[in-house]
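# Residue-level structure breakdown
Listed here are the chains, written in short residue letters.
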Amino acid sequence: MPRLSEVIAALDALWPPASAEDWDAVGTVCGDPDQEVSRVLFAVDPVQEIVDEAMKLDADLLVTHHPLYLRGTTTVAASTFKGRVVHTLIKSDIALHVAHTNADRADPGVSDALAGALDLRVVRPLVPDPTDADGRRGLGRVCELDHPLTVREFAARAAERLPATAQGIRVAGDPEAMVRTVAVSGGSGDSLFADVRAAGVDAFLTADLRHHPASEARAHSPLALLDAAHWATEWPWCELAAAQLDEISDRHGWDLRVHVSKTVTDPWNSHSPSPGAPN
């Protein structure tokens, strides 16, 4: 069995920590570099129910997309919910490793996995990484559909292919407009509207679209907006990342058992449509 330090070195090669945004908090949160690793769990959120799942699996390593402490802390007391996560991990000998914006920028990365889940062909990054001479890394992806769909049909495909959430897919735009090209960005994407407009795509699928940026984007152009749940747009990366680690394990003869959590950690758990609201 490999040591934790060996597995982390392999993960850092996939998602170099140096490529993360300056404000981000990526890397290993807790864990003994010399401990042996036999079972790994991938998930989006490092919340208590995911840690409990890792315990039941007897996992040695939990890899999440979202950081546990993004803005730092002065306490890990078990009386706080994040402190309880830390205590549970350490008592259970479970390491925690985070790949966030470094996984967003990677090739393949979070938006590649999102495009794959929607059966889209990736053309290029939406916001290319200037340090990548090959032009494959960066934020978001510009994609093409295998055949044109209406906005309504593409939204239905997204609702069917992405993990089910209470929100589903919110749509802004003409439901009958044709979609041939799409920009996708896993996670919160309304900071990318200028790049989306510059890409000249027919639709933009992302998450966490706020009222004012979405309203202004619609005023600028007939761009269709598809707003999915944040968790749902990033969960496909867990399957991609698990497959990447499986391949590394086979290559090194590590015989790791790699799992993907299917626990829905989207915070919204129910939805009541307004009577008479457009469908």
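Per chain, residue numbering runs from 1 following the sequence as it is written. Per-residue local features of the predicted model are confined to residues with pLDDT of at least 70, and side-chain atom pairs are confined, for both listing and counting, to 80 or more; whole-chain, interface and lining totals are unaffected and use all residues. For the side-chain quantities, the full set of heavy atoms in the structure was used; hydrogens and water were omitted.

### Re the sheet that holds strand S5 (residues 121-128)
Our working definition: Two strands are counted as paired when DSSP detects at least two bridges linking them. Counting from the N terminus, the helices are DSSP H or I runs at least four residues long and the strands are E runs at least two residues long. To obtain an axis, a line is fitted to C-alpha atoms, over the contacting stretch when the element is a helix, and the angle between two such axes runs from 0 to 180 degrees between their N-to-C directions. Note on definitions: a residue-residue contact is assigned when non-hydrogen atoms from the two residues lie within 4.5 Å.
The mixed open sheet is built from six strands, whose spatial order is S5-S6-S8-S9-S10-S7. Sheet topology places S5 and strand S7 (170-172) at the edges, where each strand pairs with a single neighbour. On average, adjacent strands in this sheet sit at an angle of 25° to one another, irrespective of strand direction. Here strand S8 (residues 178-188) runs beside strand S9 (residues 203-207); their pairing, made up of four bridges, is parallel. Paired with Val184 across the bridge in S9 is Leu205. Its contacts with the sheet put helix H5 (residues 110-117) on S5, strand S6 (138-150), S8 and S9, and the angle it makes with S8 is roughly 135°.

### Concerning the environment of Val142
Stated formally: Per-residue accessibility, obtained with a 1.4 Å probe over protein chains only, is compared with the maximum for each type, and a residue is labelled buried under 20%, exposed over 50%, and partly exposed between these values.
Relative to the assigned elements, Val142 resides in strand S6. Accessibility expressed as a relative area gives 4% for Val142, which makes it buried. Excluding residues that lie within four positions of it along the chain, Val142 makes contacts with Arg121, Val122, Val123, Arg124, Pro125, Leu126, Val182, Ala183, Ala199 and Val201.

### Regarding the packing of aromatic side chains
Where we set the bar: Stacked, tilted and edge-to-face are the three classes assigned to paired rings of Phe, Tyr and Trp, where Trp is represented by its six-membered ring and a pair needs centres within 6.5 Å; plane angles under 30 degrees give stacked, over 60 edge-to-face, the rest tilted.
Summed over the entire model, instances satisfying the criterion amount to three aromatic pairs. Where Phe42 meets Trp237, the ring centres are 6.3 Å apart and the plane angle is 80°; that geometry is what we call edge-to-face. Taken together, the positions of Phe42 in strand S2 (residues 39-43) and Trp237 in helix H9 (residues 230-252) put the pair 195 residues apart, joining distant regions of the chain. The exposure class assigned to Phe42 is buried, which follows from its relative accessible area of 0%. Measuring from ring centre to ring centre gives 5.7 Å for Phe193 and Phe204, while their planes differ by 75°; the resulting arrangement is edge-to-face. A residue pair is termed long-range when its members are at least 10 positions apart, and Phe193 in helix H7 (residues 193-199) and Phe204 in strand S9 qualify at 11 residues. The structure contains a cluster of three or more aromatic residues connected by ring pairs, namely Trp15, Phe42 and Trp237.

### Comments concerning the packing of H5 against H9
A pair of packed helices is characterised by two quantities: the angle between their axes and the separation of those axes. Rules: Working rule for angles: under 35 degrees goes down as roughly parallel, over 145 as roughly antiparallel, 65 to 115 as roughly perpendicular, anything else as oblique. As a working rule, the residues Ala, Val, Leu, Ile, Met, Phe, Trp, Tyr, Cys and Pro are called nonpolar, Asp, Glu, Lys and Arg charged, and the rest polar, with Gly in that last group.
Following both chains from N to C, one finds H5 and H9 inclined at 100°, their axes separated by 7 Å at the closest point. As far as their axial angle goes, H9 and H5 are roughly perpendicular. Only Thr233, Glu234, Pro236, Trp237 and Leu240 of H9 make contact with H5, whose side of the interface consists of Val110, Ala113, Leu114 and Ala117. Grouping the constituent residues of the contact of H5 with H9 by class yields seven nonpolar, one polar and one charged.

Functional significance is not addressed by these values, which are geometric in nature.
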